[in-house]
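Notes for the structure review
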Amino acid sequence: MSQNPPPLPPRPNNMDTSEHMEFSALGKTPPAWLHDLIRYNPGEDHQHEFYLSIEFDNDVETVFLCQECHYWFFLTTTPNAIMEQSNCGFENTLHHLHTTTTTKTSISAKCCVCNLAVNIEIKEPFIDLRLFNDLGKLRKHSYANAIKHAEFEYKTNLIDTIESMIKILSNIIDEDLQTLEFNCNNFEMDKVSQALFEKLGFKLIDDSLNPPDFPLSDDEKRNIKLTREELLMISYKLNKYSKYSAKKPYEKLNNVLGTSYKALFADCSNFDPESGYSLHSSCFILGCVPDMDDQTLIWAYNLGVQEVPEKAPEYLQAIYEMSKERKSEALEELVAVEKSKGRFHEEDIKEAYKCLNVGDVDGSTVSDEFLIDTYSVLNTDNPSSRAKYREALNIIGKARNSTKILRSVNEGPVNEMPDYLLEMPVGLDNIGNTCYLNSLLQYYFTIRQLRTAVLATDSSGSNGYELDWQSITIGHRKVSKSEVKRAKQFVNLLRGLFVNLIHTTQRSISPDIDLAYLALVNAKNDDDEYKDTSKSPMDDNKMAIDDSSPGPSSSKTVDNGNSDIYTVSEEVTVEIEGTALSVDDRIVPDHFYNESNTSHSLKGKEKENTGPELSSDFYNTSKEDKLRAASEMLLGRQQDVTECMDNVMFQLEAALKSLPMTDENGDEQNIIKSLFYGQTRQILHKKQNSGELLTKEESFNHLIVVAADGRDLYDGLDVYFDASLVDYDGTQVIREVTITKIPPILQIHVQRVQFDRSTSNIYKSNAFLRFDKVIYLDRYLDKNYELLKQRRQEAHNWKQDIDRLQAELNDYEQDKTTRLSKVDLLKLTADFIHDEMKNDIIDENSLVAVEQESNLVKEESEGRLQLKYHNKISQLKSQLSQHYQDLQECAYRLHAVFIHSGQANFGHYWIYIFDFEKDRWLKFNDSYITEVVDHEVFADTTGSSANPYCMVYVRAQEAKELVETVCRQTN
């Protein structure tokens, strides 16, 4: 996201518009401001076509005149700013100009960011345009017409007449008296030309044109130069070839005003206001031009909102429209972030009026009292939609700046909480790129046992820390005393937040900055104790992954009675591959059923989790600066926000470790382990002797699936659990995974940040991953391992068939090198051969062969291809979807869906959480919580950058006992 613009000087309260209002006082980039200038023409109906003055332009002034009206423009700046010395803009050097004065004779503007002032003096032409019009009536443009029509008294055509006048005036300026005399004697005089020359001091003596006496005064020289340039404008208009040596002013204006900008499809563009396209209305509102890049539009939006807050809906509407037109992720992201802050655009206002049943009329004509009464009636008639009506009235109140409406929205009966607040959770304000953390905190708040445990902690924050300290172990490593102290401080702040979420009467509250700080910055980055260590608190709960790697785990040695004892370290690292392997890359023997894109390396070493990369002076900054730095780096980066979740879970486990939790057998256990952790069993078959069996027990708190086109959630889980080839002790073995213990709460992360080997860049996969309201894990349970072995083999074979058919189909539909279909590629080849045959380079037999092959491929693509491939693939997929339909004992219900909108390195977050009590989905977008329909949660997100990156399921039979989405109390 873009940074905030610098503080602005006070805006002028008024603008001198006594005569004209073509310019707006709102801020504009120099290209947009010049676009206004060419349309600023009081009393005339044309756009200026400017040319740089030959005689009067200088280093101090930029002087140009219009070819059409001959008005002169003298532009100066104070100071005489060169763009390289300007402090303007964000990631560019554009000024933000506000017009302060517009009259018929002057225009003034000022940059709101720096001290640049722009002044334009406008002067009328020296020669009245009516003289030129009269001259045109006397002389036709064409010499042929003048000869043909004898009624014309003068035979010299208009073009030649103008050129002769220019030569005479040039002779005077150059003081070429000999040539001047010749040109004057040969000029065909008429009454209009005589009037023009007499104004310049010429005299007509005995029908001979005589120049003014030399030496000329300064005024005489100036008038002659003005007239010559105005004659040049006539010449440019009559003879397009004469323009070629003329200069437009925009190259110089680029140096003076800085009209160069970052274009949408180019690194840099110099704006020409006469380029032939008009401003998009949305760009015009933002003071920009159509091909400016997204970051420039965002920069202009932020400045505009800061300067004129009441126009924020109009500005956001402009960004919204441009995001749709461009399909821009960055602009979509800005809209989402601004809405999460409580802002809205004009479409939202229209929808708000419609929501209150006044959408068919001009809402601005409806009184505040009428809207408040309508709101009350709708609340009474439709109590289940109170939150929606309240949100609509709130938007209208802000748009109107109506204290009466806003008071009616926010005020309730004394000592009585309004019903609508009891029906909706409380929002969390975004305190600085904390949208992800807000989603995470809202999710944890809905987990009943976790919320109860946090509320039960000692409000002092110490929880007996100094008195009953004893060493604890998390993830097979000792946790230090300072880490536990830090964790207890975090939980104490979390307790305060939970209390406020339950008891506040406000629509939203702000998380404590210390809470955000402790959540976003892990102990290694915060505590000197960890600066030089190689491990962080979550080292044993974090795993790098590829298409099928397990989540965080701890392991233990298992002796299966064989000669080998399978011993691995406490953490297993799996390399990120980022891209799927092709069908030919399968390396698992055919009798083992593995996913094609699975390749692991069990290296037996722990992965260091350092969190966000922080600057070298991070430890010397304030807590607020640390939070700002950490939150900015976490913004949109999935690999970092996942570490944030790990950091929060580690602190919860460390702080709540001493709290006694018992299971159904009365055994003491940790609440985090009991809620989020399950157990898997890895089964390894040695390739040399498939009879040898090694197993390894691992705990996990989340599973990971990789987003890929055409996949659903079961496909991703199959990759995780199906047989795959891994490296073990220098040899390759076959690994299968089963679940020995299922967790009450199942967290599934969607790996979307991937690596493109061809460009060596990371990118976000926006592939749609279909998921269901209910999933069944029976097929993955250890107790069904032997029972389902034959089914797994069948499913594996079907997947291989699908991959093979899809690969063959892809070959027809798109050549890997040219990206063309095989039909198109053959057609282009036939066309090429046709062309070469003209030069006798290729014989006709070659053409016939290519055309026959092309026709054959075309027939296959239109007929048999559809039957052979598409139908067969659909049939196999249908078989797979039905393969485990009878296994529905281990059911999980969907509880929450985390959404990321943006790209791999930036974005906005929100979360959908299901309310089991009221059977509804709620959208938690920072401060704003709204009820949404199911379709919004499960919609196909193909083509969108907003998609799920984490799904949370809960055991179906215990769903209402495990989670409670709305928890509000009146006292």
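Here, the structure is the one placed above.
Structure report, in brief. These numbers come from a predicted model, not from an experiment.

Attention shifts here to the environment of Asp512. Relative to the elements of secondary structure, Asp512 occurs in the loop between strand E14 (508-509) and helix H21 (513-520). The class for Asp512 is partly exposed, based on a relative accessible area of 37%. Sequence separation between Asp512 and Leu494 is 18 residues, and the spatial gap between their C-alpha atoms is 8.8 Å. Among the polar contacts made by the side chain of Asp512, one reaches the main-chain amide nitrogen of Asp514 at a distance of 2.7 Å.

It is worth spelling out helix H20 (residues 481-503) at this point. Along an α-helix, a turn takes 3.6 residues, which lines up residues three or four apart on a common side. The first and last C-alpha atoms of H20 sit 33 Å apart over 23 residues, in line with the 33 Å expected at 1.5 Å per residue. Within H20, burial applies to Glu483, Val484, Arg486, Ala487, Lys488, Phe490, Val491, Leu494, Leu497, Phe498, Leu501 and Ile502.

Moving on, we get to the sheet that holds strand E1 (residues 50-52). The antiparallel open sheet is built from 6 strands, whose spatial order is E1-E2-E3-E6-E5-E4. The open sheet is flanked by E1 and strand E4 (97-102), the only strands paired with a single partner. The sheet shows a mean angle of 25° between the axes of neighbouring strands, taken without regard to direction. Here E4 pairs with strand E5 (residues 106-111) via 5 bridges, running antiparallel. What sits directly across from Thr101, in E5, is Ser108. Strand contacts of helix H8 (residues 250-257): E1, strand E2 (62-66), strand E3 (72-78) and strand E6 (117-123), with the helix running at about 25° to E3, the strand carrying the most contacts.

In a pair of packed helices, the angle between the axes and the distance between the axes together describe the arrangement. Closest axis-to-axis distance for the helix H11 (residues 312-326)/helix H13 (residues 346-355) pair is 7 Å, and the angle between their directions is 105°. In terms of orientation, H11 and H13 fall into the roughly perpendicular class. Seen from H11, the contacting residues are Pro313, Glu314, Gln317 and Tyr320; seen from H13, they are Glu346, Glu347 and Ile349. Partitioned by chemical class, the residues of the contact of H11 with H13 number 3 nonpolar, 1 polar and 3 charged.

Bringing the environment of Leu264 into the picture now. If you trace the backbone, Leu264 turns up in the loop between strand E9 (260-261) and strand E10 (269-270). Look at Leu264 and you get partly exposed, because its relative accessible area is 29%. Among residues more than four places away in sequence, those in contact with Leu264 are Asp291, Met292, Asp293, Asp294 and Arg326.

About the thresholds
Residues numbered from 1 in each chain as written. Predicted model: local features only at pLDDT ≥ 70, side-chain atom pairs only at ≥ 80, totals over all residues. Heavy atoms only, no water. Helix = DSSP H or I, 4+ residues; strand = E, 2+ residues; numbered from the N terminus. Buried < 20%, exposed > 50% of the residue type's maximum accessible area, 1.4 Å probe, protein only. Polar contact = N/O pair within 3.5 Å; in protein donor to acceptor, adjacent residues only side chain to side chain. Expected span 1.5 Å × (residues − 1). Pairing = 2+ DSSP bridges. Axes fitted to C-alpha atoms, helices over the stretch in contact; angles between N-to-C directions. Contact = heavy atoms within 4.5 Å. Parallel < 35°, antiparallel > 145°, perpendicular 65-115°, else oblique. Nonpolar A, V, L, I, M, F, W, Y, C, P; charged D, E, K, R; others polar.

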